[in-house]
Amino acid sequence: IDFFKPVDAESVRQKIQHNLPSGINLINAKITPISKRSISQELKASIWSFDLEAIGHSPNKLEWQKAIDSLLLSEELIWHDIDKKGRPRKRNCRPELCYLQMNIQGNKRQAILPPNGIQMQLKAFIDPIGRSIKPLQIKHWLEECLGHPIEISRVQRDEIQLLEC
């Protein structure tokens with residue numbers, strides 16, 4: 001948040017926290033000089049949770065885990081897309097993949113999973129220009145590993161980590 005005059009970071013954090021919905025917690029606040037790099041360059045990683053469901057195939061937990069392991073062990077995770085000018089581009093996203101795992105703890109979210117579905121958690125590093133891996137990319141690469149289409153649902157970003165707090 002930009003202010004037109006100097007403020008005390010902690011008092012602003014408390015005032016904002018008071019107005020946020022339950023479940024959203026501001027852990028820390030700090031003053032960033034205007035001449036410093038942008039806030040997007042302060043981001044370190046994001047943690048996502050999402051559900052995946054195999055369509056037309058029912059992989060067991062071992063098959064899911066093998067597909068996940070193949071992503072984690074790969075040297076390259078190539079993503080193809082198109083830049084703002086419509087030109088095709090590709091990049092290796094593997095350096096941004098920190099961890100990817102199935103959630104196997106029993107919780108309310110898992111209770112409504114279909115029999116051929118899993119709940120995932122992804123931690124992805126954010127590079128200095130703001131690029132990172134998103135759950136949709138994980139879905140794509142797992143489809144390639146499993147050889148079957150997958151639906152993704154209930155995508156949520158659980159946490160954004162800053163370089164320093």
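Trainee: What should I look at first to understand the overall build of the protein in this one?
Mentor: Check the secondary structure of the protein and you find 4 helices and 6 strands. When the helices and strands of the protein are listed from N to C terminus, the series reads α-β-α-β-β-β-α-β-α-β. Taken over 165 residues, the protein has a buried fraction of 34%.

Trainee: Even after reading the chapter, I still don't get unusual backbone geometry, so can you show me in this structure?
Mentor: One can expect most non-glycine residues to show negative phi and most peptide bonds to be in trans. Residue Arg154 is not a glycine yet carries a positive backbone phi of 45 degrees. With respect to the helices, strands and loops of the structure, Arg154 is situated in strand β6 (residues 150-162).

Trainee: How do you make sense of the nonpolar core when you look at a structure like this?
Mentor: Generally speaking, a soluble globular protein has its nonpolar side chains buried in company with each other. Ranked by internal contacts, the top residues of the largest apolar core, which has 24 residues, are Leu100, Leu122 and Ile138. If you list the elements that add at least two residues to this core, you get β1 (43-54), α2 (61-73), β4 (97-102), β5 (117-125) and α4 (135-146). Those residues in contact with Leu100 that sit more than four places away from it in its chain are Phe50, Ile68, Leu71, Leu72, Met120, Gln121, Leu122 and Ile138.

Trainee: Just checking my understanding: could you explain the pattern of salt bridges for this structure?
Mentor: Charged atoms that come close allow side chains of opposite charge to pair. Following the criterion strictly, the structure yields 7 salt bridges and no others. Here Arg91 and Glu96 are joined by a salt bridge, their closest N and O atoms 3.1 Å apart. The exposure classification of Arg91 matches that of Glu96, with both residues buried. One salt bridge connects Glu143 with Lys139, and the closest N-O pair in it is separated by 2.8 Å. Taken together, the residues span about one helical turn, with Glu143 and Lys139 both in helix α4 at a distance of 4 residues. Each member of the pair, Glu143 together with Lys139, is buried.

Trainee: Looking at this structure, I do not really get the pairing of β1. What am I missing?
Mentor: The two faces of a sheet get side chains in turn, since along a regular strand they alternate between them. Across the 12 residues that make up β1, a large majority, 9, are buried. Pairing of β1 with β6 involves 10 bridges; the strand directions are antiparallel. Considered in β6, the bridge of Glu53 is made with Glu151. In the sheet, β1 pairs with β5 via 9 bridges, with the strands oriented antiparallel. Note on β5: the bridge partner recorded for Leu52 is Ile118.

Trainee: I keep staring at the sheet that holds β5 and nothing clicks. Help me out?
Mentor: Either a parallel or an antiparallel arrangement is found when strands of a sheet pair, and the pairing is made through backbone hydrogen bonds. In space, the 4 strands of this open sheet follow the order β4-β5-β1-β6, with antiparallel pairing throughout. Every other strand in the sheet has two partners, leaving β4 and β6 as the edge strands with one partner each. Taken pair by pair, the neighbouring strands of this sheet meet at an average axis angle of 15 degrees, ignoring direction. Here α2 sits on the sheet and contacts β1, β4, β5 and β6; the angle it forms with β4, its principal contact strand, is near 180 degrees.

Here is what the cut-offs are and how they apply
- Residue positions are given per chain, counting from 1 as you read along its sequence in written order.
- Since the coordinates come from a predicted model, pLDDT governs what is reported: local features require at least 70, and pairs of side-chain atoms require 80 or more to be given and counted, while whole-chain, interface and lining totals use all residues.
- Hydrogens and water molecules were not included; the side-chain quantities draw on all heavy atoms of the structure.
- Where helices and strands are cited, they refer to DSSP runs of H or I of at least four residues and of E of at least two residues respectively, numbered from the N terminus.
- Burial classification: accessible surface area is computed with a 1.4 Å probe over protein chains only, and a residue below 20% of its type maximum counts as buried, one above 50% as exposed, and the rest as partly exposed.
- We define a nonpolar core as any set of buried Ala, Val, Leu, Ile, Met, Phe, Trp, Tyr and Cys residues linked to one another through side-chain atoms lying within 4.5 Å.
- We call two residues in contact whenever any of their non-hydrogen atoms come within 4.5 Å of each other.
- Here, a salt bridge means any side-chain nitrogen of Lys or Arg that lies within 4 Å of a carboxyl oxygen of Asp or Glu.
- Any two strands with at least two DSSP bridges between them are considered paired.
- Here an angle of 0 to 180 degrees is reported between the N-to-C directions of two axes, which are lines fitted to C-alpha atoms, with helices fitted over the stretch in contact.

Worth remembering: the numbers are spatial, not functional.
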